Amino acid sequence: MKQPIIIDTDPGIDDAAAISIALNHPNFDLKMITTVNGNVGIEKTTANALKLKQFFNSNVPVHRGASQPLLSEIVDASDVHGESGMEGYIFPEIAESDLASTHAVEAMKNALLNSDAPITLVPIGPLTNIALLLTTYPEVKTYVKEIVLMGGSASRGNVTPLAEFNIYCDPEAAQIVFNSGLPLTMVGLDVARSSSLTHDTINELQSINDTGNMLHQLFKHYRGDDFEKGINVYDAYTILYLLHPENFAVQEADVQIETNGKLTKGATVTDFKSHFPNTSVVLSVQANIFKQMFIDALQYCK
Ligand code: RIB
Ligand code: CA
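Residues numbered from 1 in each chain as written. Chains lettered and ligands numbered in written order. Predicted model: local features only at pLDDT ≥ 70, side-chain atom pairs only at ≥ 80, totals over all residues. Heavy atoms only, no water.

An unreviewed UniProt entry annotates the protein chain as Ribonucleoside hydrolase RihC originating from Staphylococcus nepalensis.

## Here's the deal with the coordination of the calcium ion (ligand 2)
Put simply, the test is: In this analysis a donor is any N, O or S atom within 2.8 Å of a metal ion (3.2 Å for sodium, potassium and calcium), and since water is not included, sites may seem incomplete. Going along the chain from the N terminus, every DSSP run of H or I of four or more residues is numbered as a helix, and every run of E of two or more is numbered as a strand. The buried label applies to any residue whose accessible area, calculated with a 1.4 Å probe on protein chains only, is under 20% of its type's maximum; exposed applies above 50%, and partly exposed to all values in between.
Asp10 (OD), Asp15 (OD), Asp15 (OD), Ile124 (O) and Asp235 (OD) make up the full set of protein donors to the calcium ion (ligand 2), lying at 2.2 to 2.6 Å. Here the donor residues of the calcium ion (ligand 2) share one chain and are spaced in sequence as D-x4-D-x108-I-x110-D. A residue pair is termed long-range when its members are at least 10 positions apart, and aspartate 10 in the loop between strand E1 (3-9) and helix H1 (13-24) and isoleucine 124 in the loop between strand E4 (119-123) and helix H5 (128-136) qualify at 114 residues. Each member of the pair aspartate 10 and isoleucine 124 is classed as buried.

## Notes on the sheet that holds strand E2 (residues 28-35)
Note on sheets: strands pair through backbone hydrogen bonds, and any given pair is parallel or antiparallel. Stated formally: Only when DSSP finds a minimum of two bridges between them are two strands counted as paired. All axes are obtained by fitting lines to C-alpha atoms, using only the stretch in contact for helices, and the reported angles, taken between N-to-C directions, cover 0 to 180 degrees. Note on definitions: a residue-residue contact is assigned when non-hydrogen atoms from the two residues lie within 4.5 Å.
Read across the open sheet, the 9 strands follow the order E3-E2-E1-E4-E5-E6-E9-E7-E8; overall the sheet is mixed. Of all strands in the sheet, those with a lone pairing partner are strand E3 (62-64) and strand E8 (268-271), marking the two edges. Averaged over all pairs of adjacent strands, the angle between their axes in this sheet comes to 30°, without regard to strand direction. Bridging between E1 and E2 involves 7 bridges; their strand directions are parallel. Looking across to E2, one finds that isoleucine 6 is bridged to methionine 32. Against the sheet, helix H2 (residues 42-55) makes contact with E2 and E3, and its axis sits at roughly 175° relative to E3, the strand it touches most. Across the sheet, helix H7 (residues 171-178) touches strand E5 (144-150), strand E6 (184-187), strand E7 (249-257) and strand E9 (279-284), and the angle it forms with E7 is around 120°.

## Remarks on the site of ligand 1
The condition is simple: Definition of nearness: a residue and a molecule or strand are near each other if at least one heavy atom of the residue lies within 4 Å of the molecule or strand. Within 3.5 Å is the distance limit for a polar contact, defined as a pair of N or O atoms, with the added protein rule that one can donate a hydrogen and the other accept it, and that residues adjacent in sequence qualify only through two side-chain atoms. The Shrake-Rupley method, run with a 1.4 Å probe, gives the accessible areas here. Residue values count only the displayed protein chains as cover. Just so you know the grouping, Ala, Val, Leu, Ile, Met, Phe, Trp, Tyr, Cys and Pro go in nonpolar, Asp, Glu, Lys and Arg go in charged, and all remaining residues, Gly too, go in polar.
Ligand 1 sits among 14 residues. The nearest are Asp14, Asp15, Asn158, Glu164 and Asp235. Contacts to ligand 1 include asparagine 39, whose side-chain N or O atom sits 3.1 Å from an oxygen atom. For ligand 1, whose unbound accessible area comes to 270 Å², protein coverage reaches 97%. Breaking the shell around ligand 1 down by element, the ones donating at least two residues are H1 and helix H6 (165-169). When grouped by side-chain class, the residues that make up the shell around ligand 1 number 5 nonpolar, 4 polar and 5 charged.

## Topic: the environment of glutamate 83
You can see glutamate 83 is positioned in the loop between helix H3 (78-81) and helix H4 (104-113). For glutamate 83, a relative accessible area of 54% translates into the label exposed. Sequence spacing of glutamate 83 and aspartate 200 is 117 residues, and the spatial spacing of their C-alpha atoms is 26 Å. Once residues within four sequence positions are removed from consideration, glutamate 83 is found in contact with Val40, Lys44 and Ser78.

## Let's talk about the pattern of salt bridges
How we decide: Counted as salt bridges are all cases of a side-chain nitrogen of Lys or Arg within 4 Å of a carboxyl oxygen of Asp or Glu.
One pass over the full model with this rule turns up 5 salt bridges. Put simply, arginine 64 and glutamate 43 hold a salt bridge, and the shortest N to O gap is 3.0 Å. With arginine 64 in strand E3 and glutamate 43 in helix H2, this residue pair connects regions lying 21 residues apart in the sequence. Here arginine 64 falls in the partly exposed class, since its relative accessible area comes to 31%.

Structure, rendered in structure tokens:
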């Protein structure tokens, strides 16, 4: 049975890996790709989503979303993903006409209210669009199966010692989403750090197929943390978790978002001892199993 999903994204090199699998794997019914300001500005994240749509000759619609956080100043991660947000591979020029005309939040609302089955939301960027959706149209909650998001950390951050980038970009949006009452799975920094792809594996990708070569070229330009040890393809873990949840260690916790602290803004304060957990926290997966899942999933791509 195909899983109906919506990906909300800020491509982004690791987003490209997640989107490639979601667009092509037979277990997913990807309803749409919605874009958000994050790694780079909304124009570039949207252009990058359209580049991937075109690369796979996909008819999945791309809808542009929020161009800035709810309250915070815009920050970006072009130092990690390059100026374009997907540095390293030359994609053909895109046709602006490929962009769907409806705003991301409207498009998600319409899809949810008209779906014949509950849809899983898969945010892999800042949570601005998701927060706007849930506050503007709270009636959609009935039609959301769960939220499986890339964000946060139960340990060290990657933007500050405590904060992960997606949460740090829009902590107010994250607080809304984590307190929405919806089933929520946090695929944070922890699980990727337990199973980084080695540089040897990155080199192996090149000969798998066109997608492996594209990702190989992008990963070579990805300057995520601990680059020397390997590549943390953070966003891909959400999609592979949806395919094989049995392979991941998960623990329930209450997760609250620090929105004010000078040194702590964007921290996901994770209480595994809470009697009132609101989140399933994905903590680890064996590195060799992750590698195999990733490579197996790429077999469905061109
Ligand atoms: O902290 C990692 C997250 O921030 C990933 O989603 C990456 O694409 C960036 O958005
Ligand atoms: Ca991302």
